[in-house]
Amino acid sequence: MKSAEECREALQKLAGRLSELSPDDRDNYFGNRSISVTIPDLGVTYATTLGSGDDPVREVAPGEPPADIRLTANSDEVVSLAESPTNIARAWMAGRVKIEASVRDLFRLRKLL
């Protein structure tokens, strides 16, 4: 089991991949879409906004509205996805990752993962 800090850093690494896109492309592709990752084995949910590519990953406060894109995965899977994001489809098919998002947001998510 990974620590909450390792998971936060892994998520920041994933979100940081957006900095490789130009600011206009980031804004056109993601706008101000939010993403959250719930990590049940740690009892924590992290969130960030995707449009800028450099928003910090932060812990979600109780009662905060849900993110546009919501992932659920255990801590080991979250860190694994940051190291090898191309495995998201396999993890989803195996039931290790749950994704709640609109079809359009799923296509957006491919750019990040």
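Use the structure listed above.
Residues numbered from 1 in each chain as written. Predicted model: local features only at pLDDT ≥ 70, side-chain atom pairs only at ≥ 80, totals over all residues. Heavy atoms only, no water.

**Some points on the sheet that holds strand β1 (residues 34-39)**
Working definition: the strands of a sheet are paired by backbone hydrogen bonds and lie parallel or antiparallel to each other.
Here is step 1 of the chain: Strand order in the open sheet formed by 5 strands is β3-β2-β1-β4-β5, and the pairing between neighbours is mixed. Each of the sheet's edge strands pairs with one partner strand only, and the pair in question is β3 (58-59) and β5 (97-100).
Here is step 2 of the chain: Across 4 bridges, β1 lies against strand β4 (residues 69-73) in parallel orientation. Note that in β4 the partner of Val 37 across the bridge is Leu 71.
Here is step 3 of the chain: Contacting β1 and β2 (44-49), helix α1 (residues 4-16) crosses the sheet at an angle of about 20° to β2. (Pairing = 2+ DSSP bridges. Helix = DSSP H or I, 4+ residues; strand = E, 2+ residues; numbered from the N terminus. Contact = heavy atoms within 4.5 Å. Axes fitted to C-alpha atoms, helices over the stretch in contact; angles between N-to-C directions.)

**A word on the layout of surface pockets**
Here is step 1 of the chain: Here the second largest pocket is characterised by a volume of approximately 170 Å³.
Here is step 2 of the chain: Breaking the lining of the second largest pocket down by element, the ones donating at least two residues are β1 and β2.
Here is step 3 of the chain: The leading source of residues in the lining of the second largest pocket is β2, at 4 residues.
Here is step 4 of the chain: Partitioning the lining of the second largest pocket into residue classes produces 5 nonpolar, 5 polar and 3 charged. (1 Å grid on protein atoms, 1.4 Å probe; cavity = no way out; pocket = protein on both sides within 12 Å on 5 of 7 lines; lining within 4 Å. Points joined across faces, edges and corners; volume = space filled by probe spheres on them. Nonpolar A, V, L, I, M, F, W, Y, C, P; charged D, E, K, R; others polar.)

**Quick word on the pairing of β1**
Here is step 1 of the chain: Within β1, 5 of the 6 residues are buried, leaving the element largely enclosed by the surrounding structure.
Here is step 2 of the chain: Two strands pair when backbone bridges link them, and β1 and β2 are joined in this way by 6 bridges, in the antiparallel orientation. Note on β2: the bridge partner recorded for Thr 38 is Thr 45.
Here is step 3 of the chain: The loop that links β1 with its antiparallel partner β2 comprises 4 residues; one of these, Gly 43, has a positive phi angle of about 65°. (Buried < 20%, exposed > 50% of the residue type's maximum accessible area, 1.4 Å probe, protein only.)

**Observations concerning a negative patch on the surface**
Here is step 1 of the chain: Taken together, Glu 6, Glu 9, Asp 41 and Asp 76 make up a surface patch of like negative charges.
Here is step 2 of the chain: Its location among the elements puts Asp 41 in the loop between β1 and β2.
Here is step 3 of the chain: Using a relative accessible area of 31% as the deciding quantity, one classes Asp 41 as partly exposed. (Patch = residues over 30% accessible without salt bridge, like charges linked within 9 Å, V, L, I, M, F, W, Y side chains within 5 Å. Areas by Shrake-Rupley, 256 points an atom, 1.4 Å probe, with all protein chains shown as cover. Salt bridge = Lys/Arg side-chain N within 4 Å of Asp/Glu carboxyl O. Lys, Arg positive; Asp, Glu negative; His and termini not counted. Charge placed at Lys NZ, Arg CZ, Asp CG, Glu CD.)

**Examining helix α3 (residues 75-83)**
Here is step 1 of the chain: Turning to α3, its buried residues number three or more, namely Ser 75, Glu 77, Val 78, Val 79, Leu 81 and Ala 82.
Here is step 2 of the chain: Contacts from the buried residues of α3 go to α1, β1, β4, α4 (88-93) and β5.
Here is step 3 of the chain: By the N-cap criterion, in which a side-chain oxygen at the helix start approaches the backbone nitrogen of a residue two or three places on, α3 is capped by Asn 74, the distance to Asp 76 being 3.1 Å. (Polar contact = N/O pair within 3.5 Å; in protein donor to acceptor, adjacent residues only side chain to side chain.)

The values reported here are purely geometric and, on their own, carry no functional implication.
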